Amino acid sequence: MSNKVYHLSSCDTCRKIIKSLPENHNLELHDIKQNPITAEELEEMHQLSGSYEALFSKKAQLYKSMGLKDQKLTEADFKKYILEHYTFISRPVFIIDDKIYIGNSKQNVQNVIETLEK
């Protein structure tokens, strides 16, 4: 399995984070809009993260506009929505040496950079 970053090329935050990575980072870039996440890829992320909810973005505009924030979503729901629309995955998602880093928090990005510098 290769080291990978699942991102959205049209997302300024994703672009900024990828630009901040060490130059020789060796990550395979996977644009989730042009190349949607497969069920197998999501399953791999689920195994590493422990839950679909951890991968789900509650900041997505669709989350509010579809009224999902007012519903009690199950793990199966989170999985279904992530597979249906790329906007529901918390971005970026890094998989490096069988470890997963989800989202754009400052601490998460710092952990990714430190891991890549080793």
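Structure: above.
Keep in mind that this is a model prediction, so the values were computed, not measured.

Undergrad: Just checking my understanding: could you explain the pairing of strand E2 (residues 28-31) for this structure?
TA: Sheet faces and side chains relate simply in a regular strand, where the side chains alternate between the two faces. Pairing of strand E1 (residues 4-7) with E2, which is carried by four bridges, proceeds in the parallel orientation. Bridge pairing in E2 links Tyr6 to His30.

Undergrad: Got a minute to help me understand the side chain of Glu41 in this structure?
TA: Mapped onto the fold, Glu41 is located in helix H2 (residues 39-49). A relative accessible area of 14% means that Glu41 is categorised as buried. Dropping the residues within four chain positions of it, Glu41 is found in contact with Lys4, Tyr6, His30 and Pro36.

Undergrad: What should I look at first to understand the sheet that holds strand E3 (residues 93-96) in this one?
TA: Through backbone hydrogen bonds, the strands of a sheet pair up, either in parallel or in antiparallel fashion. The four strands lie next to each other as E2-E1-E3-E4, forming an open sheet whose pairing is mixed. Whereas interior strands pair on both sides, the edge strands pair on one side only; in this sheet they are E2 and strand E4 (99-102). For this sheet, the mean inter-axis angle between neighbouring strands, taken without regard to orientation, is 15°. Where E1 and E3 come together, three bridges link them in antiparallel fashion. What sits directly across from Tyr6, in E3, is Val93. The sheet contacts of helix H5 (residues 106-117) involve E3 and E4, and relative to E4 the element is tilted by about 145°.

Undergrad: Would you mind going over the nonpolar core with me for this structure?
TA: Generally speaking, soluble globular proteins have nonpolar side chains that are buried together. By size, the foremost hydrophobic cluster in this structure holds 23 residues, and its most contacted members are Met45, Phe56, Phe88 and Ile89. For this core, the secondary-structure elements that each account for two or more residues are H2, helix H4 (75-84) and E3. Looking at this core element by element, the count peaks at three residues for H4. Those residues in contact with Met45 that lie beyond four places of it in its chain are Tyr6, Ile37, Leu55, Ile89, Val93, Ile95 and Ile100. Core analysis: the second largest hydrophobic core is formed by 12 residues, Ile17, Leu27, Tyr101 and Val109 among them.

Undergrad: In this structure, what is going on with the side chain of Ser51? I would like to understand it.
TA: In this fold, Ser51 is placed in the loop between H2 and helix H3 (61-65). Taking relative accessible area as the criterion, Ser51 reaches 17% and is therefore assigned buried. Of note is the side chain of Ser51, whose polar atom sits 3.5 Å from the backbone nitrogen of Glu53. Separated by 3.0 Å, the side chain of Ser51 and the backbone nitrogen of Ala54 make a polar contact. Filtering out sequence-adjacent residues up to four positions away, Ser51 remains in contact with His46 and Glu75.

Undergrad: What am I meant to see in unusual backbone geometry here?
TA: Comment: phi is negative for the bulk of residues other than glycine, and the bulk of peptide bonds are trans. In this structure, the amide linkage connecting Arg91 to the following residue, Pro92, adopts the cis form with an omega of -15°. Within the element layout of this structure, Pro92 appears in the loop between H4 and E3. Phi at Asn26 is positive, roughly 65°, even though this residue is not glycine. Summarising the element assignment, Asn26 is placed in the loop between helix H1 (12-20) and E2. Not every positive phi belongs to a glycine, and Asp97 is a case in point at roughly 50°. Secondary-structure assignment places Asp97 in the loop between E3 and E4. With a relative accessible area of 56%, Asp97 lands in the exposed category.

Conventions used here
- Residues numbered from 1 in each chain as written.
- Predicted model: local features only at pLDDT ≥ 70, side-chain atom pairs only at ≥ 80, totals over all residues.
- Heavy atoms only, no water.
- Pairing = 2+ DSSP bridges.
- Helix = DSSP H or I, 4+ residues; strand = E, 2+ residues; numbered from the N terminus.
- Buried < 20%, exposed > 50% of the residue type's maximum accessible area, 1.4 Å probe, protein only.
- Contact = heavy atoms within 4.5 Å.
- Axes fitted to C-alpha atoms, helices over the stretch in contact; angles between N-to-C directions.
- Core = buried A, V, L, I, M, F, W, Y, C linked by side-chain atoms within 4.5 Å.
- Polar contact = N/O pair within 3.5 Å; in protein donor to acceptor, adjacent residues only side chain to side chain.

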